[in-house]
Amino acid sequence: MSSASTLARFQSLLEPELKLLGQEAKKRHAPLKDACERAIARMGTIAEESLEGEALLRSMEETWRPLLIACDCKSPRLVSIAAGALQRLLSHRLILQSSVAPIITALSKLTEIDEGVQLKVLQCLMALFSNSTDYNLTSTQVPIVLTLAFSMHNPKNSLVVQSTAVATLNQITMSIFDRLPAASDAGASDRFTEAKSAYLLFKDLCLMISGEPSQFVKVSDIPRVFLLELLYMIVNEHSDVISEIPQFITLIREDLSLALAHIQSVQGAADVPNIIRIYRIVTVTLQKFPHELLRQQELFLNLMFRAMDNSETSVCNKLAILNCWKELGENYFYLKKLYTKFDHSSEAGRCNLFANLVSAMCNVIQKAPPTVLASLSAATERVSWHKLLAIRGDEDNPVKSAEPIIVAIDAIVSVCKSLSKLIEVENRPLTSDELANKVEKQTESLSANMIRSIWRPILSACSLLLDKCINEELIEQTLCCCKQFTHACGKAGLTEAQDAFIFAMNDLSLIQPGTTSLTPKNGQILRVLFDIANGLGGSGVLDSSWFVLLQNFQQLDTVLLNNQAMIESTQTDVALIKTLLSKIFEGTRYFEPNALLSIVQALCKLSAESNKSPETALVQILTPGSPSQRQGMLSTFALQRIADVTDANIFRIDLFWDLIFTHLSEMVTSSTDESIRKASVDTATHIILLYLQVYRTYTTDTSLKDSSAECPSESFFQLQPKVIDILRVMRGCGKSDVRVGCLNLIFTIMQRAGQELTPASWRLILGILSVSSEVGTEVAVGFKSVVLICSDFMPILDGEALQSLISCVGQYSQQTAVPDKTNTNLSAIQQTLSIADYCSSHPQDATPSHWNSLFIQLREAATDARPEVRHSSLKTLFTALITHGCGLPVPCWNTLFWDVLLKVLDAIHSSALAAEQQTSQDPASQKGFIMHHSRNTAAKQWYETRCIVLDGVARLIRVYYKATKSSVSRFNQVLKRLAVHLASASLHVSEEVAIVGIKSLHSLVTDVCLENSEENDLSENTDVLTHDMWVTWQRISECQTTPTPVVTSMVEGLCEMFVVSSKGADSPLRKFLFDSREKILPILDRVMRLPAASDTLTFPSKIQTAVFTTLQTLPSFSPSDVALHTNVIRLICGFLPSLGLVNSCLKDPSLLNTFPPGQLQLTEKLLTLLKESYTSSETPEGVKRDAFIDLVKKLQPILLSRYFSTPGQQFWTCAVPMVSDVMQAGLATFQPNNEATKANWLVIVSTLKVYLEHADESSPTPGPPENEKCDVAILTLIEEVLLPMTVDHQETSCRDDLVELLRWCSCQRQRRALAETAMQIVFRLCSANTVNGEPRSLQIGKAVIPIVITRCREILKEYLNDDRQQDRCPLPKSRHDEVVCVLDRLAVSDLSPKLFEDLNDDPNLRVSCPAAFGNRGLPVRLLPVLVEFVTCKDDSLKEALTTVLRIVTSEIGLSNSIPVL
């Protein structure tokens, strides 16, 4: 600090006080006033002297001297101001050390003045010993100051002064001892010299408490209590320094100890405050000087022991002793030294002070009456030193008799904590300097020996407290002691002591019989046990104690799970206990390996004990409302906690899995209780799933191994086979519930972690699933896993596992353990198809052995007695083969046919025959699916099976003929055996079997032959099939009772063969059919005459249609074969109705009922087929010519059917178009002037006449429009075909017959269409013959013209006559139209004059009327009739008549002579 600032501060502190003193002293104390004024003046000149440091302070002494003058005054006011100013100057160190002496002298004279002055004096004394002032008083000044301060501590003074004096003395004393030199500051002699004042003060204090006069401080009658407080403060605060000064040690050993011992030995009621402080000093002295006061320790402690045992010792003294022991117990270093020097010492005569000390603490509790222990409550306070020091005597003693027990508990707890700390110190990592002593430290086991010497009394005291006490706070403290001591025992390796404490707490924590809930004490003890488990379990020190703890936890768990178990305090406590219990097992993740093995072993042992002796795992709990009834609940606590431990240590499961595996194996196989077995299975399930989950996590993302703090070791990933092996044990168990649980576990594994299983695991699992198919209760459960494997996991299976899967699925497809429920069988068979799909899509994984095994499994299921099973198997087999045949390995084909298909064929055939020979079963006796009546017997069910297998084998050969032919050995033998089966089936009594046999045989022959299209001749394989096929066809066609569907199938197959072959190139099939063309016609003929051919509601039937198609196709195989064409036509004609039958029906209509059903449709189809066959361009002309007459004759009866009385049999209409086509095709082959041609023409004319001019009057005249169309068609045929052909063939007579037939038709007015058409035709025939007409047309015209003239004349005359007779009633419109038509035709007629040359007219006519031979000759010749027709009353005809008449008059030269009529 600079001199300017020092001077400024000095002035600020002193100048106001000097002014104040001057004002106060101006009247009565003039010298003081003058001194103050001079001092003030001097302060003004000091600043000009530029002094520094001590020179400045020395020059300022003149200024504060008036303060000393003021102190000599007796005025309290002046003295107070002066003392206050001195205190402030001293506090700021503005007075030199050398100037302190006069101040002390002045202050010593002021002790008798008032209270205010006394306080100022004390403040000045405190300023002298303040750390900030640092005044170093001499050995002569110190006693003066102390004497002055002690004198203030006088009962005569006020309490304020006394208390200030105490504070001043405390500060002075602390300052004196604070200034003691350290060992490094000076030598031994110098240190004592510097510490002389402190030494003398300490000695005086010792003398004064002993009642002797002081030597250093000249005082007396100082309260002993205050002296003891000073001694305690000195020893407690400055023991480190005084322990280094021998003189102090001697002083403490000889004077202080003796004084304390003396006072301690003499205890009275008035000495309670002193005794309390003495014990306090003893406590700190023993702790601070354990080596120096070795003998004194024994003395003090023995005195305390005797005092505690003395019944006359006051409670306060006992509390002081106990607090002393408590503090000693808290100092682990002291306890260690105490034990080392006494209990552990090998010197003779040494007592066990440490053990005695702890025993004395425990005796306080053990000797306490039970009523006192029970009366301890939360209101009982802990009596600390602070409370004891406030006691002035027994008369104001607030201490209760129960309070020593509480302090004793605290003392025991402190010992336990110190021992724990000592163990930690001993077990700390050694420094490099301590490594050399490592063996020595390990062999000492000091802490272990200390614990060994005291654990029994501590256990006894704690057990007694826990048993009797009900105060939660004290129980908690006691439990804390037990916990601390148990921890210490565990860390020291004292298993016996550790187990003893745990056993004791276990016994006290268990729920007592007859109670309904946990008590708060139970909860407190349990929480301590939890702490012990967490604290010691991880380091492996519990070892065998785990079993004891876990037994307790098991019972606790059972209580908590019971609905009636409620803790008495709050539900929150229950939740807390549950949480703490769970955290024990969760915390095992931090356990050392040995500790982890210990708890797992204990859990396994506990679980095994519960299983062997269930009564040990039962907790009896009263059922509310029924006190006489109890319910027991078998605990699965151990198994559940095994799962919890595994959860927490899954990364280290390889360390303890063998223990768990052995235990779970024993539990599932030997336990007689189902709940235990279920819990064991659940535990195994949980562990396996957790393991696989972690396995998947770290195998999927390998980076986690580097980034994760917890990561499995390599042995973890190699453990899977051992983990999964528990399934084998479970499956081998004789208990059904365990085996079902095993299967459920497998399914769960598949769902959650199937991708992580290794090949060895897959083989084990599939083996288990296979065996499960043999037990009814396990089939459904096991099959779920099989389905899941087939759907999701086949890609990860290796070859051996895939083989196992196939066998497993086969076992389920054949299972009979649940015969009434075949859903599993059917689903398993469906899974084989999934396997086949996989094998086909992954050829690199599927070997021939896989395929063969798959087919063999289906073969076994294909002969199952249950129809739905074998049908599904067969369908699946053939579906798989057809779908995946292209990818099937070559070696598999041979095995497939010889070991599978042929054996299946033979077995099914044999079973079907056996079923046919049995008596029909009652439909009600059938089990399983509800069967239709067509399947309600075994034989009918085997029929369906035969159908499936025959169709499947045939279809397989058709699709993969080339592959099978080249891969299957003795393939012709295979076909031969198959052909035998197909032929047998084709002739079977069952329709469905026969149909399948026929279709399969047909399709097989067709496809096999087509596949051989590159060969020059039929192979041996084809011969085998075709021979059996022909035999089958013949036998079917010869049997009149063959069912319609069978015949239909046979004929349709035959038709298909011909159709397919006709469209392709030359092939063996075509060659075969060509060579067999003559065989087929008789078969077709017989088939058409079978009853089955017409057994239908719609015609033509399928059989008839197929026959027609075959007949239509057959000629294409040999177009030049006249005989074939002729036979085909004759065969078709043979199916048509005969003339005799038609004539008979015409005479006797009742015979129409003999016509086959559908004859109309059949005849129509036959005629169409016949027309196509006959008119085909491929049909040779010779065939047409030879068959013409027969064909026309065959058509004649059909045409006559027009006159049947039953309209339903009018099938003649379909024959009319054919007549036209046939005649056109046939007439083209005729040769003119040939006898055969003449005969044919006669038949033609006769046929047409019969059709148009049938004279049976009883037959009604048909009038439907379709009949008229047929009539018009016949007339058109005559006009366009027949008449021209008669001219070509020079058949004049036939021509005339045809013309006459036209005339007859034109006269059939009741058949209006026929008549009108006939008239139109004759007009056209005439009109076509123009002047330049062809000779053929001219000849026809000359033949027709007479009919035209005649018919026109007749029509006009008949109309005129009828018109006259009808009077005013008009004639029918048809008659009117007929006349109009004639008039119109006459009006436009323009004929060739040559037509009139050969008419037999009057010879004079040519001369008289040349116009009659001209182009208009026709109306001219009809002029007389026309003139007569003028009289007709029908005015609508007159216009047309006028037109014709004008034409005629114009032709004959009478132009414009005819008026309008």
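Quantities reported herein were computed from a predicted structural model and do not represent experimental measurements.

Undergrad: Sorry, what's going on with the overall build of the protein here?
TA: The secondary structure content of the protein amounts to 68 helices and two strands. Split into buried and exposed, the 1461 residues of the protein put 53% on the buried side. Within the protein, contacts between residues separated by at least 24 positions form 73% of all contacts whose residues are at least 6 apart in sequence. As displayed, the protein has an accessible area near 61700 Å², and 50% of this comes from carbon and sulfur atoms.

Undergrad: Looking at this structure, I do not really get the nonpolar core. What am I missing?
TA: Within soluble globular proteins, side chains that are nonpolar tend to cluster in buried spots. In this structure, Leu301, Trp325, Ile458, Leu727 and Leu1282 are the most contacted members of the largest nonpolar core, which totals 486 residues. Among residues more than four places away in sequence, those in contact with Leu1282 are Met1223, Leu1227, Trp1241, Ile1244, Leu1248, Leu1277 and Leu1298.

Undergrad: What is the right way to look at the packing of helix 6 (residues 100-108) against helix 7 (residues 115-128) in this model?
TA: Axes are the key here: two packed helices are described by the angle between their axes and the distance separating the axes. Direction vectors running N to C along helix 6 and helix 7 enclose 150 degrees, while the axes themselves pass 11 Å from each other. As summarised for this structure, helix 6 and helix 7 are arranged roughly antiparallel, according to the angle between their axes. Like other packed secondary-structure pairs, helix 6 and helix 7 cross with a definite hand, here left-handed. On the side of helix 6, the interface is formed by Val100, Ile104 and Leu107, while helix 7 contributes Val121, Cys124, Leu125 and Leu128. A class-by-class count of the residues in the contact of helix 6 with helix 7 yields seven nonpolar, no polar and no charged.

Undergrad: What should I look at first to understand the pattern of salt bridges in this one?
TA: Evaluation of the coordinates by the stated rule reveals 31 salt bridges. For Arg88, the salt bridge goes to Glu17, with nearest N and O atoms at 2.6 Å. Of this pair, Arg88 sits in helix 5 (residues 76-91) while Glu17 is found in helix 1 (residues 3-24), placing the two residues 71 residues apart along the sequence. Overall, Arg88 belongs to the partly exposed group, its relative accessible area being 26%. Look at Glu17 and you get buried, because its relative accessible area is 14%. Taking the shortest distance from any N to any O, the salt bridge between Arg763 and Asp798 comes out at 3.1 Å. With Arg763 in helix 38 (residues 759-772) and Asp798 in the loop between helix 39 (776-792) and helix 40 (799-813), this residue pair connects regions lying 35 residues apart in the sequence. Salt bridges sharing common partners tie together Arg1312, Glu1316, Lys1373 and Asp1377.

Undergrad: Before we go on, may I ask you to explain helix 2 (residues 30-46) in this structure?
TA: Structurally, the α-helix is built with 3.6 residues per turn, so residues lying three or four positions apart point the same way. Spanning 17 residues, helix 2 covers 24 Å between terminal C-alpha atoms, matching the ideal 24 Å at 1.5 Å per step. Burial in helix 2 covers these residues: Leu32, Ala35, Cys36, Ala39, Arg42, Met43 and Ile46. Here the buried residues of helix 2 occupy an arc of 125 degrees about the axis, which is enough to place them on one side. In the core, the buried residues of helix 2 are packed alongside helix 1, helix 3 (53-59), helix 4 (61-72) and helix 5.

Undergrad: Explain the environment of Tyr199 to me, please; I cannot follow it from the model alone.
TA: With respect to the helices, strands and loops of the structure, Tyr199 is situated in helix 11 (residues 196-209). Residues Tyr199 and Ile245, spaced 46 residues apart in sequence, show a C-alpha to C-alpha distance of 9.7 Å.

Undergrad: Got a minute to help me understand the packing of aromatic side chains in this structure?
TA: The description of an aromatic ring pair rests on the distance of the ring centres and on the angle between the ring planes. Scanning the model with the defined rule gives 19 aromatic pairs in all. A centroid spacing of 5.1 Å and a plane angle of 50 degrees characterise the contact between Phe530 and Phe553, whose relative ring orientation is tilted. On the criterion of sequence distance, the pair formed by Phe530 in helix 26 (residues 520-537) and Phe553 in helix 27 (residues 545-561) is long-range, its members being 23 residues apart. Its relative accessible area of 0% is what places Phe530 among the buried residues. When the centroid spacing of 5.6 Å and the interplanar angle of 90 degrees are considered together, the rings of Phe651 and Tyr698 count as edge-to-face. One end of the pair, Phe651, is in the loop between helix 30 (637-648) and helix 31 (653-670); the other, Tyr698, is in helix 32 (residues 674-700), and 47 residues separate them in sequence. The class of Tyr698 is buried, set by a relative accessible area of 7%. An aromatic cluster of three or more residues is present, and its members are Tyr691, Tyr695, Phe716 and Phe717. The positively charged end of Lys784 is found above the aromatic ring belonging to Phe747, 4.6 Å away from the centroid.

Cut-offs applied
Residues numbered from 1 in each chain as written. Predicted model: local features only at pLDDT ≥ 70, side-chain atom pairs only at ≥ 80, totals over all residues. Heavy atoms only, no water. Helix = DSSP H or I, 4+ residues; strand = E, 2+ residues; numbered from the N terminus. Buried < 20%, exposed > 50% of the residue type's maximum accessible area, 1.4 Å probe, protein only. Contact = heavy atoms within 4.5 Å. Areas by Shrake-Rupley, 256 points an atom, 1.4 Å probe, with all protein chains shown as cover. Core = buried A, V, L, I, M, F, W, Y, C linked by side-chain atoms within 4.5 Å. Axes fitted to C-alpha atoms, helices over the stretch in contact; angles between N-to-C directions. Parallel < 35°, antiparallel > 145°, perpendicular 65-115°, else oblique. Left-handed = near helix turned anticlockwise from the far one by under 90°. Nonpolar A, V, L, I, M, F, W, Y, C, P; charged D, E, K, R; others polar. Salt bridge = Lys/Arg side-chain N within 4 Å of Asp/Glu carboxyl O. Expected span 1.5 Å × (residues − 1). Arc of directions from axis to C-beta. Phe/Tyr/Trp six-rings, centres within 6.5 Å; stacked < 30°, edge-to-face > 60°. Lys NZ or Arg CZ within 6 Å of the ring centre and 35° of its normal.

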